[in-house]
Amino acid sequence: MRKVNLAVVGATGLVGETILNILEERNFNIKNLYLLSSKRSAGKEIEFNGEKYIVEELNEESFDKDIDIALFAAGGAVSERFAHMAVEKGVKVIDNSSVFRTNREIPLIVPEVNPEKIRNSDGIIANPNCSTIQSVIPLKPLHDRFKIKRIVYSTYQSVSGSGVAGLKDLEEGSIECYPHQIQDNVIPQIDDFLENGYTKEEVKMIDETKKILGDNTIKITATTVRVPVKYTHGVSVNLEFHNEFQMEEVYKLLEEFPGIVVKDDREKNHYPMGIDVKGKDKVYVGRIRRDFSLDNGLNLWIVADNIRKGAATNTVQIAELVAELLE
């Protein structure tokens, strides 16, 4: 991979800061680094790879520089305004917001699942929703082998999925980010409600799963829940397949698929938990068992660090693939 001129938009936010940490950890080959943020954060000094960088205010001239790739982690309004502007200047954009995810012309990428779709990008690549990312990685090998007929998602999502505001509500007991107290509570609502009774977060998981797996025939329903945990999301997944399966093959498929750690030992009470997964980049799968209430049914419990694999790490992995295409 040649050296890349890289910009991080939203560099002072929770995901932006984590992106910088992961770029360091993975030794991303950077020639010039540009840190961009709001006027409020402009001027802040950030250390990266032993050098100090001054955060610049994001504006219409920000992409006049020689930038190869821009990683956007500043929210939907910023992406709507500046992503196409960057592309017009020849920049490849990897966006963390939900703005472009359902656009048919823009690839939605999880590198372990559909890396080949990156070549379909004309400038913008969307990073999926955090819960979707960790779910589709185990689903991919199972779908390829047994063909998924139906999915029931039930999520247990940490407050860091709402950024600093969510963490503040949990730590301080405030009710500013969420419609109800999150301390000592579980809120069965993430994002706004739609007319059909689902929330936007639930519809994101449904639509994004179909797009990433490339199969609109899968029947999917979801209930997304906010829990009083700082980091890591858990997802309970109930699957119904078209084809019969053996449990031995299910384990083998999951254990051999990239990005997955199977942790499933009932005798030792071993299964994925957020306290063990925080700070890691793999997706952990456990509580793997046949659902005897229907033909060809399977239950999975999936846990991942939502800020790392669910956002920042997935973004950097995409950037690595994009950089290879720049050669």
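Check the entry above for the structure.
Residues numbered from 1 in each chain as written. Predicted model: local features only at pLDDT ≥ 70, side-chain atom pairs only at ≥ 80, totals over all residues. Heavy atoms only, no water.

Chemist: Quick question: what am I supposed to make of the pattern of salt bridges here?
Modeler: It is possible for side chains of opposite charge to pair when their charged atoms get near one another. Enumeration according to the criterion identifies 22 salt bridges in this entry. Put simply, Lys 52 and Glu 45 hold a salt bridge, and the shortest N to O gap is 3.8 Å. Taking relative accessible area as the criterion, Glu 45 reaches 47% and is therefore assigned partly exposed. We note a salt bridge from Glu 201 to Lys 204, for which the minimum N-O separation is 3.6 Å. Residue Glu 201 and its partner Lys 204 are both found in helix α5 (residues 200–213); the two are separated by three residues, about one turn of the helix. Lys 204 matches Glu 201 in its accessibility class, with the two residues each being buried. Residues joined by salt bridges that share partners form a network here, namely Glu 25, Asp 281 and Arg 308. (Salt bridge = Lys/Arg side-chain N within 4 Å of Asp/Glu carboxyl O. Buried < 20%, exposed > 50% of the residue type's maximum accessible area, 1.4 Å probe, protein only. Helix = DSSP H or I, 4+ residues; strand = E, 2+ residues; numbered from the N terminus.)

Chemist: What should I look at first to understand the sheet that holds strand β1 (residues 4–9) in this one?
Modeler: Strand pairs in the sheet, formed through backbone hydrogen bonds, run parallel or antiparallel to each other. Strand order in this open sheet of six strands is β5-β2-β1-β6-β7-β8, and the pairing throughout is parallel. Each having just a single partner strand, β5 (56–57) and β8 (124–126) make up the two edges of the open sheet. For β1 and strand β6 (residues 69–72), the ladder comprises four bridges, and the chain directions are parallel. For Leu 6, the partnering residue across the bridge sits in β6 and is Ile 69. Relative to the sheet, helix α1 (residues 14–25) contacts β1, β2 (30–37) and β6, its axis offset from that of β1 by approximately 155°. (Pairing = 2+ DSSP bridges. Contact = heavy atoms within 4.5 Å. Axes fitted to C-alpha atoms, helices over the stretch in contact; angles between N-to-C directions.)

Chemist: Would you mind showing me how to read helix α4 (residues 164–172) here?
Modeler: Within α4, the full set of buried residues consists of Gly 166, Leu 167, Asp 169 and Leu 170. All buried residues of α4 project into a common sector of 160° when viewed along the axis, lining one side. Exposed residues lying more than 90 degrees from the buried face of α4 are Val 164 and Glu 172. Where the residues of α4 are buried, they touch α1. Count one or two residues on from α4 and you reach Gly 173, which has phi positive near 75°. (Arc of directions from axis to C-beta.)

Chemist: How should the state of the cysteines be read in this particular structure?
Modeler: Think of a disulfide as a covalent bridge from one cysteine sulfur atom to another cysteine sulfur atom. Counted under the stated rule, the structure contains zero disulfides. No disulfide involves Cys 130; its nearest neighbouring cysteine sulfur is the one of Cys 177, lying 13 Å away. Cys 177 sits in the partly exposed class, given a relative accessible area of 29%. (Disulfide = S-S within 2.5 Å.)

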